[in-house]
Amino acid sequence: MSNATRERESSSIVVDIVREIANAQRDISSECCATSAEQSINDLLGNFGGSAGFDTVPIMLYNDLGGIFRGYGVAPGATPGTLGPVAASYYFRVKAVYDDDAAVLELLRSPADITLIPDGVDDQIVTGLAATGLCFTVDLTKFAHITTLPAISAFLTGTTGPTA
């Protein structure tokens, strides 16, 4: 058996959870922890009590040394073909997961957060996290730990464009 086949068969827990979240968000599907991947996915799917209007399970990712991952995105500029401000976040929405364990993640940010690049997770406003439209691609096998937050509605009505 090749190393690639062996690696594919022993998929990491981060890859498995992110893939499950992506599937649940796309499909909008006991007792467990109040905040866990299973609970957040159940909340997203409306299990145990009907739909709550949630569309996102926010996640945070960590490397094998326990360091938290901060993702970056660049908003389009006001003039077509120009770049706007760089924004960063420690909170993400899964957009897609591919067979090679790559994933497209979207920055989640509060529209009230005026700090575009928070120095640390404690410096970022977590209340009212919203989809930004700012996406990037990661190799999920490079992460050792994932924190899932309770399911939310990340698509605020009445907003337009990225909230960077």
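See the structure shown above.
Residues numbered from 1 in each chain as written. Predicted model: local features only at pLDDT ≥ 70, side-chain atom pairs only at ≥ 80, totals over all residues. Heavy atoms only, no water.

*Asks:* What is the right way to look at the overall build of the protein in this model?
*Replies:* The helix and strand inventory of the protein stands at three helices and seven strands. Taken from the N to the C terminus, the helices and strands of the protein come in the order α-α-α-β-β-β-β-β-β-β. In the protein, which comprises 164 residues, the proportion classed as buried is 41%. Accessible surface, the protein: about 8,900 Å² in total, of which carbon and sulfur atoms supply 54%. (Helix = DSSP H or I, 4+ residues; strand = E, 2+ residues; numbered from the N terminus. Buried < 20%, exposed > 50% of the residue type's maximum accessible area, 1.4 Å probe, protein only. Areas by Shrake-Rupley, 256 points an atom, 1.4 Å probe, with all protein chains shown as cover.)

*Asks:* Would you take a moment to explain the side chain of D55 for this structure?
*Replies:* Turning to its location among the elements, D55 is positioned in the loop between α3 (37-45) and β1 (59-62). Buried and without a salt bridge, D55 has R93 as its closest oppositely charged side chain, separated by 4.5 Å. (Lys, Arg positive; Asp, Glu negative; His and termini not counted. Salt bridge = Lys/Arg side-chain N within 4 Å of Asp/Glu carboxyl O.)

*Asks:* Can you help me understand the pairing of strand β4 (residues 92-97) in this one?
*Replies:* Residues in a regular strand project their side chains so that they alternate between the two faces of the sheet. For β4, the buried fraction is high: five of the six residues fall into the buried class. Relative to strand β5 (residues 102-109), β4 is paired through five bridges, and the arrangement is antiparallel. Residue pairing across strands places V97 opposite A103, the latter belonging to β5. (Pairing = 2+ DSSP bridges.)

*Asks:* Where do I start with the nonpolar core in this structure?
*Replies:* Nonpolar side chains in soluble globular proteins tend to end up buried together. If you look at the biggest cluster of nonpolar residues, it comprises 24 residues, and the most contacted ones within it are V18, I59, V94, L105 and L140. Of all the secondary-structure elements, those providing two or more residues to this core are α2 (13-27), β1, β4, β5 and β6 (130-139). The dominant element in this core, judged by the number of residues it contributes, is α2, at six residues. If near-sequence neighbours (up to four positions away) are discounted, V18 is found in contact with I59, V94, V97, A103, L140 and I146. Listed in part, the nine residues of the second largest apolar core include M60, Y90, Y91 and L149. (Core = buried A, V, L, I, M, F, W, Y, C linked by side-chain atoms within 4.5 Å. Contact = heavy atoms within 4.5 Å.)

*Asks:* I tried to follow the packing of aromatic side chains on my own but got confused; where do I start?
*Replies:* Here the distance between the centres and the angle between the planes together describe a pair of aromatic rings. All chains considered together, the criterion is met by four aromatic pairs. When the centroid spacing of 5.7 Å and the interplanar angle of 45° are considered together, the rings of F69 and F92 count as tilted. Pair noted here: F69 is in the loop between β1 and β2 (71-76) and F92 is in strand β4, with a separation of 23 residues, a long-range link. Centre to centre, the rings of F69 and F136 are 6.0 Å apart; their planes meet at 45°, and the pair counts as tilted. With F69 in the loop between β1 and β2 and F136 in strand β6, this pair connects stretches of sequence that are 67 residues apart. By relative accessible area, which is 14% here, F136 ends up buried. (Phe/Tyr/Trp six-rings, centres within 6.5 Å; stacked < 30°, edge-to-face > 60°.)

*Asks:* Would you explain the pattern of salt bridges in this entry?
*Replies:* Considering all chains together, one arrives at two salt bridges under this definition. One salt bridge connects R19 with D101, and the closest N-O pair in it is separated by 2.8 Å. Residue R19 is classed as partly exposed on the basis of its relative accessible area, which comes to 26%. A salt bridge links E106 to K95; its shortest N-O distance comes to 3.5 Å. With E106 in strand β5 and K95 in strand β4, this residue pair connects regions lying eleven residues apart in the sequence. Residue classification places K95 among the partly exposed residues on the basis of a relative accessible area of 40%.

*Asks:* Please clarify how a nonpolar patch on the surface should be interpreted in this entry.
*Replies:* A surface patch of nonpolar side chains, about 450 Å² in accessible area, is lined by Y72, V74, L83, V86 and I117. Among the secondary structure elements, those contributing two or more residues to the nonpolar patch are β2 and β3 (83-89). Turning to its location among the elements, I117 is positioned in the loop between β5 and β6. On the basis of relative accessibility, which here comes to 35%, the residue I117 falls in the partly exposed class. (Patch = residues over 30% accessible without salt bridge, like charges linked within 9 Å, V, L, I, M, F, W, Y side chains within 5 Å.)

*Asks:* Just checking my understanding: could you explain the environment of A102 for this structure?
*Replies:* In this fold, A102 is placed in strand β5. Judged by relative accessible area, which is 14%, A102 ranks as buried. The spacing of A102 and D139 is 37 residues in sequence and 4.5 Å in space, taken between C-alpha atoms. If sequence neighbours within four positions are ignored, A102 has contacts with A96, V97, T137, V138 and D139.

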